[in-house]
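Summary of the model geometry
Given next are the chains, with one letter for each unit.
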Amino acid sequence: MGSENMQKEEKKETLALYRDRNVQNLLNKFLNGEIKTLEPVFNIQTGYHYHIVEKIVGDVSQVEPFLNKLYNAGIMERKLYDEVIFCPKCGSASVSFHYCCPFCKSFNIQKNSLIEHGKCGYMDIEPNFSKEDKLVCPKCHEELKKIGVDYTKAGIWCTCRDCGKSFDIPVPEHFCRNCNATSNFEEAIIKPVYSYTLSENVKPESFLDWLLIGAIKDFLIKEGLTVESPAFLKGKSGANHSFDIVACKGDKTKAIVLDLAMSTENIVSEQPVIALFAKIFDVSPERAFLIAVPKLNENGKKMAELYHIQAIEAENQDATIALLKQKLAAA
Ligand SMILES: [Zn+2]
Ligand SMILES: [Zn+2]
Ligand SMILES: [Zn+2]
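Next up on the list: the overall build of the chain. Of regular secondary structure, the chain possesses 8 helices and 21 strands. Scaling as 2.2 N^0.38, a compact globule of 331 residues should have a C-alpha radius of gyration of about 20 Å, whereas the chain reaches 33 Å, well beyond that. Oriented by its inertia axes, the alpha-carbon framework of the chain measures out at about 105 × 45 × 45 Å. Counting only residues that meet the buried cut, the chain has 26% of its 331 residues in that class. Expressed as a percentage of contacts within the chain between residues at least 6 apart in sequence, the contacts between residues at least 24 apart total 59%.

This is the structure in structure tokens:
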């Protein structure tokens, strides 16, 4: 039972996210193809940025929590894109890597390839084979011709220019270009950075209604109306009725009410028409709209006409807004 409740809670949270205007904005960009994969862009001073999300959310510090919420709700999937190393002293992301001598910690080291001459088996660093623009074996004095055939590269050999010692594996160290502090792996603040894609199990239908409501709200506001969503209106009976959107020009007695009905079977039945009629019978708004996603059955259409409900079949967002605009203009 506990886990069932938790699932319900999660569902509710996910639905709440779909109602969030910022979430709708971002998901819309995925849906209309503007974004396929949300990838961060690097700034040497400030680290990675998701500019599109920053524009939507407004506050840069809210971008990460915003994306985390979408990831945790299963709306977005993420892939490790990079890791950013931050200076533990000043927090700058302008951190470079130094490869240091394991003996004296200097990063003033010379890195050389090791070359092995196949014929005589002699192995040494590359500079010792270099003769003008050729490679010649210092042991048997034969010219080296083709890598992988008569000679091979056998790894890397480093020499410290400060203490003179040689070694094969240098020790990495981070250098902050901002405050000049050095830090090692243990001290460094390392943060994963992700790229995001829309989760495959999020079907457009599952949030189309919320996206639509957002788009319709925006449209009505642009038309100069005061919009509430969801909204309650008191009827003659004294009962409060909820509508997905109520819009009015100041005076609530001349309200436009709008409900959205969705069907998972591709056609909306007459049921939401009846439900809307019961409410408008009590509330008497100026006009009533029912947006059916994606279609309304014949019975529903007939009843809508009878009840003076204007039905709009919403195949997509733009078409819905266009139809609504047309119907609003034809008062
Ligand atoms: Zn620093
Ligand atoms: Zn050294
Ligand atoms: Zn040789």
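So, next bit.
Another point: the nonpolar core. If you look at the biggest cluster of nonpolar residues, it comprises 35 residues, and the most contacted ones within it are Val246, Val257, Leu258, Leu290, Ile291 and Ala292. Sorting the residues of this core by element identifies α5 (204–222), β18 (245–248), β19 (256–262), α6 (271–283), β20 (287–293), α7 (298–306) and β21 (309–313) as the ones contributing at least two each. If one sorts the elements of this core by residue count, β20 sits on top with 6 residues. Sequence-distant contacts of Ala292, that is, excluding residues within four places in its chain, are made with Ala261, Val268, Ala311, Ile312, Glu313 and Ala314. Counting residues in hydrophobic clusters, the runner-up holds 20 residues, among them Tyr18, Leu26, Leu38 and Val63.

Here we come to the sheet that holds β21. The pairing of strands in a sheet happens through backbone hydrogen bonds and is either parallel or antiparallel. Taken in spatial order, the 5 strands line up as β15-β18-β19-β20-β21 in an open sheet, and their pairing is mixed. Only two strands of the sheet have a single neighbouring strand rather than two, namely β15 (226–228) and β21. Each neighbouring strand pair of the sheet contributes to a mean axis angle of 20°, computed without reference to strand direction.

We now examine unusual backbone geometry. Pro230 follows Ser229 through a cis peptide bond whose omega is -15°. Along the polypeptide, Pro230 turns up in the loop between β15 and β16 (231–234). A cis amide bond links Val293 to the next residue, Pro294, at an omega of -5°. Tracing the chain through its elements places Pro294 in the loop between β20 and α7. The phi torsion at Glu132 lies on the positive side, around 55°, for a residue other than glycine. Mapping Glu132 onto the fold places it in the loop between β7 (130–131) and β8 (134–136). Take Glu132: there are 6 C-beta atoms within 10 Å of it, and that puts it in the exposed class.

This brings us to the pairing of β16. Pairing analysis gives 4 bridges linking β16 to strand β17 (residues 240–243), with the strands arranged antiparallel. Its bridge partner lying in β17, Leu233 is registered against His241. Connecting β16 to the antiparallel partner β17 that follows it, the hairpin turn spans 5 residues, and Gly238 within it adopts a positive phi of roughly 95°.

Quick look at the domain arrangement of the chain now. Here the chain is described as being made up of domain 1 (2–89 + 189–198), domain 2 (102–169) and domain 3 (204–329). Distance from the C-alpha centre of domain 1 to the C-alpha centre of domain 2: 48 Å.

Okay, the pairing of β21 next. Bridge analysis of β20 against β21 gives 5 bridges, and the strand direction is parallel. Bridge pairing links Ile291 to Ile312 in β21. Note on the crossover from β20 through α7 to β21: the handedness is right-handed.

Turning to α7, its buried residues are Gly300, Met303 and Ala304. Within α7, the buried residues cover an arc of 105° as seen down the axis, which keeps them to one side. Exposed and oriented more than 90 degrees from the buried face of α7 are Glu298, Glu305 and Leu306. Those residues of α7 that are buried lie in contact with α6, β20 and β21. Directly after α7, the chain includes His308, whose backbone phi takes a positive value near 60°.

Basis of the calculations
- Residues numbered from 1 in each chain as written.
- Chains lettered and ligands numbered in written order.
- Predicted model: local features only at pLDDT ≥ 70, side-chain atom pairs only at ≥ 80, totals over all residues.
- Helix = DSSP H or I, 4+ residues; strand = E, 2+ residues; numbered from the N terminus.
- Rg over C-alpha atoms; globule rule 2.2 N^0.38 Å.
- Buried ≥ 20, exposed ≤ 12 C-beta atoms within 10 Å, placed from the backbone.
- Contact = placed C-beta atoms within 7 Å.
- Core = buried A, V, L, I, M, F, W, Y, C linked by C-beta atoms within 7 Å.
- Pairing = 2+ DSSP bridges.
- Axes fitted to C-alpha atoms, helices over the stretch in contact; angles between N-to-C directions.
- Domains from an automatic or database assignment.
- Right-handed = clockwise from strand over helix to strand, strands pointing away.
- Arc of directions from axis to C-beta.

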